[in-house]
Amino acid sequence: MTSELNGERQKRASWSGQLAFVLAAAASAIGLGNLWRFPYLAAQYGGGTFIAVYLALVATLGFALMLSEIAVGRMTRQAPLTAFSRLRRGWGFVGFLGTVVPVLIVPYYCVIGGWVLKYFVTYCRMALTGAQPMGEAAAQSGAFFSSFISSNFAPFGYGAVFVAACAAVIVFGVKNGIEKSNVAMMPLLFLLAVAISLYVVFLPGSGDGLKYYFVPSLSALSGSDGAFSFAQLGRTVLGAMGQMFYSLSLAMGIMITYGSYMRREDSIEKCVRRIEIFDTAIAVIAGLMIVPVVYMFAVKTGTDVKEAMNAGPGLMFITLPKVFATLGGAGAWLGVAFFGLVIFAALTSAISLYEACVASVCDLLGVGRRPATFFIGTLVLFLSTFSALGYGAWKDVAPFGMPFLDFFDFTTNSVMMPVVAVSTCIAVGWAVKPEAVIDEVEACGSRFRAKRPYVFFVKYFAPVLMIALLVSEVCRALGIGGWKI
Ligand code: PFF
C-alpha cells in the first residue's frame, strides 16, 4: 500500500485495465437506485412503457453525459473539484457543486446502508436460530422498521459501521482497494440477483405479476379520463430521466473521478456502452425479483397493487419483509440473500461516492490518501448524525417539513444534480466545445462512432430536457402546477 501511496504523489493511480474500469463504474452505478427505486418507478409508470422510455434516455442523454464526464476526468487527470477550473477558466463552480453533491449524499447513503445491514443481520439471525423479530405480525405493521429508524443510537451505529467499511477499502487505493473489492463483490452480486430472480419467476402464480411489470400499460401516457395526455407523458419522461441520473451515478463527480484513473489506450465509448448495459440489466432484474412477489402478495391480501408498489422506501423495508414473512422458512433465507445482495450494491456505490470526495481533497490540497480518507470519514460521520436521528430524536427539526434524510436526498437529487448536469453539458458543449471530448475519446486509436449524435445530444437535447426536469422538480417542491413525479 505504501508504495502505491508514494507512487501516487508523483503519478496518478490508474485502473489495471479496461475491464477493471468498467467493473468499477458499473459497481458505482449499480446501487440502491437499481434495486429499490427502479422497480417501484416502473410499476408506477406503466411497466413496459416506462422501461422503453428509460432505455431511450439511457442510450441518448445518459450516453452523452457519462461519456462527457469520463472524458473530462481523463483529460484533466483531476477529480471534479479541480477538473473544471483546469478545463476552462470560470467554470470551476461546476466542479465545486459536483463535489458538494457526493459530500452531502455519502452520509445519508451510508445511513440507508446501515438500515440494510441491520436487516441482513436480522434475517441471518432468523434463518439460523428461528427467532422471529420480523415475524408476520411485526412485519405486517411495519413496527420493526419504524422502531429501528426512530431509535436513538442504532441507526447511527449501523451507519458508522458502513462508513468504516468504505474507508477501509478506500485507504488501500485505486488498484489495491477499490478494484480488488469490486472483483470480490460484483460477481457475488450478479449471482445473487440472477438466483433470486429465477426463484421468483418460477414461483407458482408469478405470471400475472410479470405481465404487470413488462406489458406496456397506457396509464403512463393517458390522463385520468383515459385519453392520451402530454402532461402524463411528460411526467413519465421526467420520472425516467431523474432515475437515469441517479442510477448511472451521473452529475455527482464520480464518473469524472473514475475517468481520471483511466488509461488513455482504453476506449471510453465502448466502456460507456458496457456500463450502461450492466446497470440497466441489473435494474430490470431487480424488477423481476420484486414486482411479481409484491403483486402476488397484494392480490392475496386484498391490498391495492399500485399502493403496494408505491410505498417508496417502505417497499424494501416494510413491504418485502411482509412478503418474506408469508413464505415461511424459505422467506428468512430469501431475506438473507436479498439483503446480502443489497449490501454489496450499496457498499460499492458508497465507496465510489466516498472516493470522489477523497480524490477531490487529495487533488486540491496535495495531501495523501490516508489523511484525506480520515478527514472525509470524520465529516461523513458528523453529517450522518442528522440523517440517522432525523426520524427519531430530531424528528421535530425538519427543514422545509422534510426529515433530514429526505431533505438531503431532495436537495442533491432534485436540485443540485440537475444543475450540475446542465452546467456540465453547457461547459462541454458550448465553452470547451465537443471537439475536445471527441479528441479524448479517439485518443485510444479508434474512431468515435457516435460522434455526430453525441454533439447533438450534448449541445441541444440534454440541456433542454434537463432544464425541464429542474423546473418541474422545483415546482413540485413548491407545490406549483400539476407536475407531480
Ligand atoms: N448509482 C448508484 C445507485 O443507483 O444507487 C449510486 C447513487 C446514486 C448514490 C444516487 C447516491 C445517489 F444519490
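Data block above holds the structure.
Note that the structure is predicted; figures quoted are calculated from it, not measured.

Calculation rules
- Residues numbered from 1 in each chain as written.
- Predicted model: local features only at pLDDT ≥ 70, side-chain atom pairs only at ≥ 80, totals over all residues.
- Heavy atoms only, no water.
- 1 Å grid on protein atoms, 1.4 Å probe; cavity = no way out; pocket = protein on both sides within 12 Å on 5 of 7 lines; lining within 4 Å.
- Points joined across faces, edges and corners; volume = space filled by probe spheres on them.
- Helix = DSSP H or I, 4+ residues; strand = E, 2+ residues; numbered from the N terminus.
- Nonpolar A, V, L, I, M, F, W, Y, C, P; charged D, E, K, R; others polar.
- Buried < 20%, exposed > 50% of the residue type's maximum accessible area, 1.4 Å probe, protein only.
- Polar contact = N/O pair within 3.5 Å; in protein donor to acceptor, adjacent residues only side chain to side chain.
- Contact = heavy atoms within 4.5 Å.
- Core = buried A, V, L, I, M, F, W, Y, C linked by side-chain atoms within 4.5 Å.
- Salt bridge = Lys/Arg side-chain N within 4 Å of Asp/Glu carboxyl O.
- Near = heavy atom within 4 Å.
- Areas by Shrake-Rupley, 256 points an atom, 1.4 Å probe, with all protein chains shown as cover.
- Sits in = over half its atoms within 2 Å of the grid points.

J.: Whenever I open this one, the layout of surface pockets confuses me. Can you help?
T.: Where empty space is left in the structure can be found by rolling a water-sized probe over the atoms. One number sums up the size of the largest pocket: a volume of about 900 Å³. Taken together, 37 residues make up the lining of the largest pocket; nearest its centre are W36, R37, Y40, D409 and R476. The leading source of residues in the lining of the largest pocket is helix α19 (residues 404-432), at 8 residues. Looking at the lining of the largest pocket residue by residue, the classes come out as 24 nonpolar, 8 polar and 5 charged.

J.: Sorry, what's going on with the side chain of S260 here?
T.: Along the chain, S260 turns up in helix α13 (residues 254-260). The buried category is assigned to S260, whose relative accessible area is 0%. A distance of 2.6 Å separates a polar atom in the side chain of S260 from the backbone oxygen of T257. Sequence-distant contacts of S260, defined by excluding residues within four places in its chain, comprise R12, G73, R74, R77 and Q78.

J.: Quick question: what am I supposed to make of the nonpolar core here?
T.: Note on soluble globular proteins: their nonpolar side chains tend to be buried together. In terms of nonpolar packing, the biggest core is built from 174 residues, with F245 and F338 touching the most fellow members. When residues of this core are assigned to their parent elements, the largest contribution, 21 residues, is made by helix α17 (residues 329-365).

J.: Could you clarify how one ought to interpret the pattern of salt bridges in this entry?
T.: One side chain can pair with another of opposite charge once the charged atoms of both are near each other. This model, assessed by the stated rule, comprises 9 salt bridges. Between R74 and E440 there is a salt bridge, with its nearest N and O atoms 2.7 Å apart. A residue pair is termed long-range when its members are at least 10 positions apart, and R74 in helix α4 (residues 48-76) and E440 in helix α20 (residues 434-442) qualify at 366 residues. Note that E440 and R264 form a salt bridge whose closest N and O atoms lie 2.9 Å from each other. Placement of E440 in helix α20 and of R264 in the loop between α13 and α14 (268-301) is noted, with a sequence separation of 176 residues between them. Overlapping salt bridges, with partners in common, bring together R74, R264 and E440 in one network.

J.: Explanation requested: the site of the ligand in the structure shown.
T.: Around the ligand there are 16 residues in total, and A29, G33, Y109, Y246 and S249 lie nearest to it. In the model, an oxygen atom of the ligand is placed 2.9 Å from a nitrogen or oxygen of the G33 main chain. Backbone polar atom of S247 to a nitrogen atom of the ligand: 3.1 Å apart, as the coordinates give it. The fraction of the free accessible surface of the ligand (330 Å²) that becomes covered by protein chains is 100%. Assessed atom by atom at 2 Å from the grid points, the ligand resides in the largest cavity. Put simply, the parts of the chain that give the shell around the ligand at least two residues each are α2 (18-29), α3 (32-44), α6 (92-129), α12 (230-247) and α17.

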